[in-house]
Amino acid sequence: MFARTFGEATYGLDGVLVTVEVDIANGLPAFDIVGLPDVAVKEARERVRAAIKNSGFSFPATRITVNLAPADVKKDGSGLDLPIAVGILAASGQICQLDCIEAVFIGELSLEGFIRDVSGVLPMAAHARSQGKKTLFLAGGNVAEAALAGGLTIYGADSVLDIVGHLNAEKTLDPAAPTDFKQFCQNAETADDFSDVQGQRMAKRAMEIAAAGGHNIMLVGSPGSGKTMLARRMPGILPAMTEQESLEVTKIYSVAGLLSKKDGPVLTRPFRSPHHTISYGGLIGGGRIPKPGEVTLSHNGVLFLDEFPEFSRLALEALRQPLEDGEVSIARVQASLRYPARFILVAAMNPCPCGYQGDPTHACSCGAADIERYRKRLSGPLLDRIDLQVRVPRMEYKEIKGGEQPPELSRAIRARVQEARERQLARFDGQGLYCNGHMGHKEIKKHCALSRAAEQLLEKAFDSLGLSARSHDRIIKVAQTIADLDHASTIESKHLAEAVQLRTNFKA
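Residues numbered from 1 in each chain as written. Predicted model: local features only at pLDDT ≥ 70, side-chain atom pairs only at ≥ 80, totals over all residues. Heavy atoms only, no water.

A. Representation of the packing of helix 3 (residues 81–91) against helix 6 (residues 160–167) within the structure. Axis separation between helix 3 and helix 6 bottoms out at 11 Å; the angle between their running directions is 50°. By the criterion of interaxial angle, the relationship of helix 3 to helix 6 is oblique. Along this stretch, helix 3 crosses helix 6, giving a crossing that reads as right-handed. Where helix 3 approaches helix 6, its residues Leu 82, Val 86 and Leu 89 are matched on the opposing element by Val 160, Ile 163, Val 164 and Leu 167. (Axes fitted to C-alpha atoms, helices over the stretch in contact; angles between N-to-C directions. Helix = DSSP H or I, 4+ residues; strand = E, 2+ residues; numbered from the N terminus. Parallel < 35°, antiparallel > 145°, perpendicular 65-115°, else oblique. Left-handed = near helix turned anticlockwise from the far one by under 90°. Contact = heavy atoms within 4.5 Å.)

Dropping the structure here:
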C-alpha cells in the first residue's frame, strides 16, 4: 500500500517542504529511506520502528520504502521522524483515513513514541504556510514558536498515540491559540544602563552616534578604562526592534537551536561577544551543511569583539564582506547559502601589547617594533570599514566616584537615537534602507547635502590625511548622522569636523 504525508526541513534560514512517500510491498523485511537523507534522517529507521511498536501499533514485517522528495535537496535533522511514522501507519491501514494534503508533521520521536522538540520550527512553519498548508502537528514545546508564523491551525501533541487518535477521530487535540506579538513585547528585558558608566564623555558621544546611524566603532584604550562596559550598554540605546526585525532574529536563533522555548520571540537586540580564539567557521558560519556564525547571530544587533587584534587573521579578514554588504556567503560542495549579517561592530583593543602606551601614570614597556607588529594585525582595508575609532582614556579618581552631574540614563540617549533614526527612515522611505550606515555611494550623493564650508573642510582632510574613497564616503555618512542628531537638514562644517576627528584619532 502507498501513503503520502508532508514534513518540513531547513535549508539555511528557510524551510523546505518535504513530501514523504511511503510504499509497503511484499518481500523480505526491509526499511529503506531514500531521497538524499543525512545521518540523522537515516537513523530515523530505528527510532520510528521502536516508537511505533512501543505505542501499541504493529510495525509491518514487509518491505518498506520511504522516499523524501525533492530528492536533490539534502535533508538533515530529526524533524522528519513524525511524518515518516504517520506515513507508515497510514500505508499499513492503522490510520483509518489520512486526508492530510493540507497538513504538515514535524517532530523527533523517542523510542517510547513521545514527540520531542526540534530546532528551526519558525522558518518551517512560515514556509508550510506559504505553500498553502493549513494544519501543523508537532511537539507541544514547539507550539508557541510555530504560532509566530501565523495563518496555521497548530496542534501540539505529546506522542504518536495522540496524533493517531486525533486522525482516527478517537480523541480530539485542542488547537493552539493564535500568538499576539504585542503580549511578548511587554516582557522585554532591560539592558545594562549607560548611567553606570562614569566619565568618558567623548566615548559616550561616539557610541550615541554609532547607534543613531548604525555605524561600526572601535574603542582603543588602556586596560580597565571601560571599553567593555561601554560596549555592553550599546543595545540599551538602540531603537526597539520592529516586529519584522524580531521575527528575522527569532528565525536565525531557531535554526541555530538557541531559541528559548519559554520566552517566545527574540525581543531585545542581540549582543554577541565571542572569545578571540573563535575559529573562522564559528565567526562567519560553516559546517558540512553551513550553519549561522556569530556575525549572523548578531543580525539587527551588536557584535562585540574584545581584544580585536588577538583574533585570527583569517577570521578578521572574513569580516570584510558582512561589514560592507550586510550578509555573508558560505559555499560548500553540498550547499551554497547566504545569511543576513547586518550588525553594528563594536571592537575594543589596547593601544599596544602591554596596553599602556600614552597612559599618563603607567610606563609603556613595548618597543616601537612591538607596537608596529601589534597594530599591523589589523589590515588597512578592515580598519577602513570601521567608521568611528575612539580613544578611551584612563579615568581620574573624581570621575570614578562621580562628578557634579549624574550620568545620563540610557533611555534619554535612546530617545535622541530614536528621533534621529526616524529622520533617516523618512529620508529613505521605500528604498530598503533603515539608517545612514546602510547607504551606498549613490545614496550618499542623493541624500547628503554638504554646505560650502563643509565641502572645503572635507577636501582639506582628504588631501592632508591621505583618505581613501571608502573613508571619504564613511566620513560623510557619520557627518550626516551627527547632523540628524543636531536636527540639521544640511551637513555643516562642525558636523564634518567631528566626523573626521572621530575617524582619524587612531591610526594603525
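On we go.
B. Structural detail: the pattern of salt bridges. In this structure the tally under the stated criterion is 29 salt bridges. Across the pair Arg 116 and Glu 108 runs a salt bridge, and its minimum N-O distance is 3.7 Å. Arg 385 is the partner of Glu 324 in a salt bridge, and the nearest nitrogen-oxygen pair spans 3.3 Å. Here Arg 385 lies in the loop between helix 16 (380–384) and strand 18 (388–392) and Glu 324 lies in helix 14 (residues 320–325), a separation of 61 residues in the sequence. Classification of Arg 385 by relative accessible area gives buried; the value is 9%. Each of Glu 324, Asp 384, Arg 385, Asp 387, Arg 470, Arg 474 and Arg 503 takes part in a single network of salt bridges with overlapping partners. (Salt bridge = Lys/Arg side-chain N within 4 Å of Asp/Glu carboxyl O. Buried < 20%, exposed > 50% of the residue type's maximum accessible area, 1.4 Å probe, protein only.)

C. Focus on the nonpolar core. With 49 residues, the main nonpolar core has Ile 217, Leu 219, Leu 230, Met 234, Val 346 and Leu 388 as its most contacted residues. Contact partners of Leu 388, with chain neighbours within four places excluded, come to Ala 206, Ile 209, Ala 210, Asn 216, Ile 217, Met 218, Val 478 and Leu 502. In terms of nonpolar packing, the next biggest core, distinct from the first, is built from 42 residues, Ile 33, Phe 57, Ile 84 and Phe 137 among them. (Core = buried A, V, L, I, M, F, W, Y, C linked by side-chain atoms within 4.5 Å.)

D. Highlighting the sheet that holds strand 2 (residues 14–25). Pairing within the open sheet is mixed, and its four strands lie in the order 1-2-4-3. Since the sheet does not close on itself, it has two edges, and those belong to strand 1 (2–11) and strand 3 (30–34), each with one partner. Across the sheet, the axes of successive neighbouring strands diverge by a mean angle of 20°, strand direction being ignored. Inspection of the sheet shows strand 3 paired to strand 4 (residues 63–69) by five bridges, in the parallel sense. (Pairing = 2+ DSSP bridges.)

E. View of the packing of aromatic side chains. On inspection of all chains with the given rule, the structure shows four aromatic pairs. Residues Phe 31 and Phe 59 carry aromatic rings whose centres are separated by 5.6 Å and whose planes lie at 50° to one another, so their mutual orientation is tilted. With a gap of 28 residues between them, Phe 31 in strand 3 and Phe 59 in the loop between helix 2 (44–54) and strand 4 connect regions that are remote in the sequence. This pair shows no difference in class: Phe 31 is buried, exactly as Phe 59 is. Relative to Phe 137, the ring of Phe 105 lies with its centre 5.0 Å away and its plane at 10°, an arrangement referred to as stacked. You can see Phe 105 sitting in strand 5 (residues 103–105) and its partner Phe 137 sitting in strand 8 (residues 135–139), a full 32 residues away along the chain. Look at Phe 105 and you get buried, because its relative accessible area is 0%. Relative accessible area serves as the criterion here: at 4%, Phe 137 is assigned to the buried category. Three or more aromatic residues link up through ring pairs in this structure, and these residues are Phe 105, Phe 137 and Tyr 155. Positioned above the aromatic ring of Phe 6 is the side chain of Lys 133, whose terminal nitrogen or guanidinium carbon lies 3.6 Å from the ring centre. (Phe/Tyr/Trp six-rings, centres within 6.5 Å; stacked < 30°, edge-to-face > 60°. Lys NZ or Arg CZ within 6 Å of the ring centre and 35° of its normal.)

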